[in-house]
Amino acid sequence: MLIDTDRGGLLVDLYHIDSAYVSWRTGHNPEVTFDLYTRRHPLGGSFLLTAGLELAIDVVRTFRLYESDLSYLRTVRDYHPDFLAQLGRTRFTGTILAIPEGEIAFANEPLVRVSGPFQEAILLESVLLHLIGVSTLIATKAARVVRAAAGRDVSEFGFRRAQAPYLAARSAYLGGCGSTSFVDAAKQFGIPTSGTIPHAIVEVFDTEEEAFRAVAETLDRYTLLLDTYDVLGGAENAIRVAHKVQRRLGHRLTAVRLDSGDLASDAFTVRRMLNEAKLADVRILVSGDLDEWKIAALVATGAPIDGFGAGTSLATGAGTSERPGEGTALAGVFKLVWVEGGRPPIKIAGEKSTWPGKKQVVRIGNFSRDIIQLEDERLEAEGRPLLQTVIDRGETVSGNSQSLEEGRARAGMQLSRFPDRFQQLDRPDEYPVLWSDRVMALQHKTID
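Residues numbered from 1 in each chain as written. Predicted model: local features only at pLDDT ≥ 70, side-chain atom pairs only at ≥ 80, totals over all residues. Heavy atoms only, no water.

J.: Before we go on, may I ask you to explain helix H10 (residues 208-218) in this structure?
T.: Each turn of an α-helix holds 3.6 residues, which means side chains three or four residues apart point in the same direction. Among the residues of H10, Glu208, Ala211, Phe212, Val215 and Ala216 are the ones counted as buried. Buried residues along H10 cover an arc of 130° about the axis, so they all sit on one side. On its buried side, H10 packs onto helix H9 (199-203), strand S8 (221-225) and helix H11 (231-249). (Buried < 20%, exposed > 50% of the residue type's maximum accessible area, 1.4 Å probe, protein only. Helix = DSSP H or I, 4+ residues; strand = E, 2+ residues; numbered from the N terminus. Arc of directions from axis to C-beta. Contact = heavy atoms within 4.5 Å.)

Here's what the structure looks like:
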């Protein structure tokens, strides 16, 4: 897999090790709390679809540094041997609250809250930002793509271009995609697989018809790619081969794929040809650098397309066609918000100023509004706390660590309830997220 959860001790940036060293040398290791959140929504949208928590829990639960890790650190800096020995004994003993996977969340809301000794908590920053940040970005992108497809199947095809292909496949499935082409991710996470054929298998034979016949005779259920040379000629060859091989072997052509050209126009033509050939049950799939905007445009034409393959844009979390710079990273942050027995910590930097205090995120009603409040404040009527304890004093909390399938089911349910005006691709409404009076007062007092 992308991350070996059994060797999580060096999934850090160097300055986290150095920070822990400073804390150790000074003996200043208070109990602290960090919030993980993002200050803005990605992709020009107005929401987040949370993902990556199950993987993050695995990393935290198995966190440790082995002797080989400590030996490497000795070559990096002249750390005191007693510090390295302590690192070798370090396990996370604190508490983590998180918004469950598949829940809708918003900018500035803590997605994860980490409490524990400073030296332990600081070592989790980068790996949590990576797992939660990348996963949430791709899950959010997938939700947008699937919405644009308007009920048609979407498969994730992005392994060859993704910076984090395992996270991309897993998160795309959580966000609503029905399958992945990436076989090892399918195996690791229990995701259905899908695929067609590449242009190369067509080109390696002397003729397209010969290539199609080889595929049809080899696979009992198969898909053919029509645009290697000429879409109409490809469709004619596919129909001819499909009839001959089905009569002789019983093998069925289940779908054809279009990967270039005028996808909408070609889909209309190919559908007519298939229907006239009594192959009305053969599905038409399209691919080719598709994102949510291109898919929405194809759907708007009414073209008879049954499914989409989304690759680069989906698996990299690329930005929208109108805002190409927005995407590719969630821009998550991991900020210190509480020190037990000390003054509330704060960063004062305009819009980047932090909000001190141990907080809870409360959803009022069925997406009426969210309130970010202190954890000891009373819930409003119809209020539902989103942050749940997933690790308590170093131990996983039974029942709050949920599977990928449970996260996927939650995502589907929440997205179906989330009002359309907040999910529009173009200028969606801004969902109301409010700070409680006590949170605002604590920030102002701390700044003063």
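J.: I keep staring at the nonpolar core and nothing clicks. Help me out?
T.: Here is a general trend for soluble globular proteins: nonpolar side chains tend to be buried in one another's company. The biggest cluster of nonpolar side chains holds 74 residues, and the ones touching the most others in it are Ile96, Val114 and Leu128. With 7 residues, helix H6 (residues 125-149) is the single largest residue contributor to this core. Contacts of Val114, omitting those with residues within four sequence positions, involve Val32, Thr33, Phe34, Phe92, Thr95, Ile96, Ala121, Leu124, Leu128 and Phe334. If you look at the next biggest cluster of nonpolar residues, it comprises 52 residues, including Ala238, Val241, Leu263 and Ala277. (Core = buried A, V, L, I, M, F, W, Y, C linked by side-chain atoms within 4.5 Å.)

J.: What is the right way to read the pattern of salt bridges from this model?
T.: A side chain with one charge may pair with a side chain of the opposite charge, provided their charged atoms come close. The final tally for this structure, using the stated rule, is 26 salt bridges. Measuring nitrogen to oxygen at the nearest pair gives 2.5 Å for the salt bridge that ties Arg248 to Glu217. With Arg248 in helix H11 and Glu217 in helix H10, this pair connects stretches of sequence that are 31 residues apart. Here Glu217 falls in the partly exposed class, since its relative accessible area comes to 32%. The partner of Arg421 in a salt bridge is Asp429, and the shortest N-O contact between them spans 3.8 Å. Each of Glu103, Arg363, Asp370 and Arg384 takes part in a single network of salt bridges with overlapping partners. (Salt bridge = Lys/Arg side-chain N within 4 Å of Asp/Glu carboxyl O.)

J.: For this particular structure, what's the right way to read the packing of helix H2 (residues 53-61) against H6?
T.: Any two packed helices are characterised by the angle at which their axes cross and by the distance between the axes. The contact between H2 and H6 brings their axes to 8 Å, and the two run at 160°. Looking at the two axes, H2 sits roughly antiparallel to H6. Here the hand of the crossing between H2 and H6 comes out right-handed. Along the contact surface, H2 presents Leu53, Leu55, Ala56, Val59 and Val60, while H6 presents Val127, Leu128, Leu131 and Ile132. (Axes fitted to C-alpha atoms, helices over the stretch in contact; angles between N-to-C directions. Parallel < 35°, antiparallel > 145°, perpendicular 65-115°, else oblique. Left-handed = near helix turned anticlockwise from the far one by under 90°.)

J.: Explanation requested: the sheet that holds strand S6 (residues 153-156) in the structure shown.
T.: For sheets, the rule is that strands pair by backbone hydrogen bonds, running either parallel or antiparallel. One open sheet accounts for 6 strands, arranged S7-S6-S11-S10-S9-S8; its pairing is parallel. The open sheet has two edge strands with one neighbour each: strand S7 (179-180) and S8. The pairing of S6 with S7 spans 2 bridges and is parallel. Each bridged residue has a counterpart across the sheet, and for Ser155 the counterpart in S7 is Ser179. (Pairing = 2+ DSSP bridges.)

J.: Explain the sheet that holds strand S3 (residues 95-98) to me, please; I cannot follow it from the model alone.
T.: Ordered in space as S12-S1-S5-S3-S16-S17, the 6 strands form an open sheet in which the pairing is antiparallel. Every other strand in the sheet has two partners, leaving strand S12 (332-339) and strand S17 (395-396) as the edge strands with one partner each. As judged from the 7 bridges shared by strand S1 (residues 31-38) and S12, these two strands associate in the antiparallel manner. Bridging across to S12, Leu36 finds its partner in Phe334. The sheet strands contacting H2 are S3, strand S16 (388-392) and S17, and the helix crosses S16 at an angle near 25°.

J.: Got a minute to help me understand the environment of Leu386 in this structure?
T.: Looking at where Leu386 falls in the secondary structure, it is placed in the loop between strand S15 (383-385) and S16. Spatially, the C-alpha atoms of Leu386 and Ala107 are 14 Å apart, while their sequence positions differ by 279 residues.

Bear in mind that shape data such as this cannot, by itself, settle questions of function.
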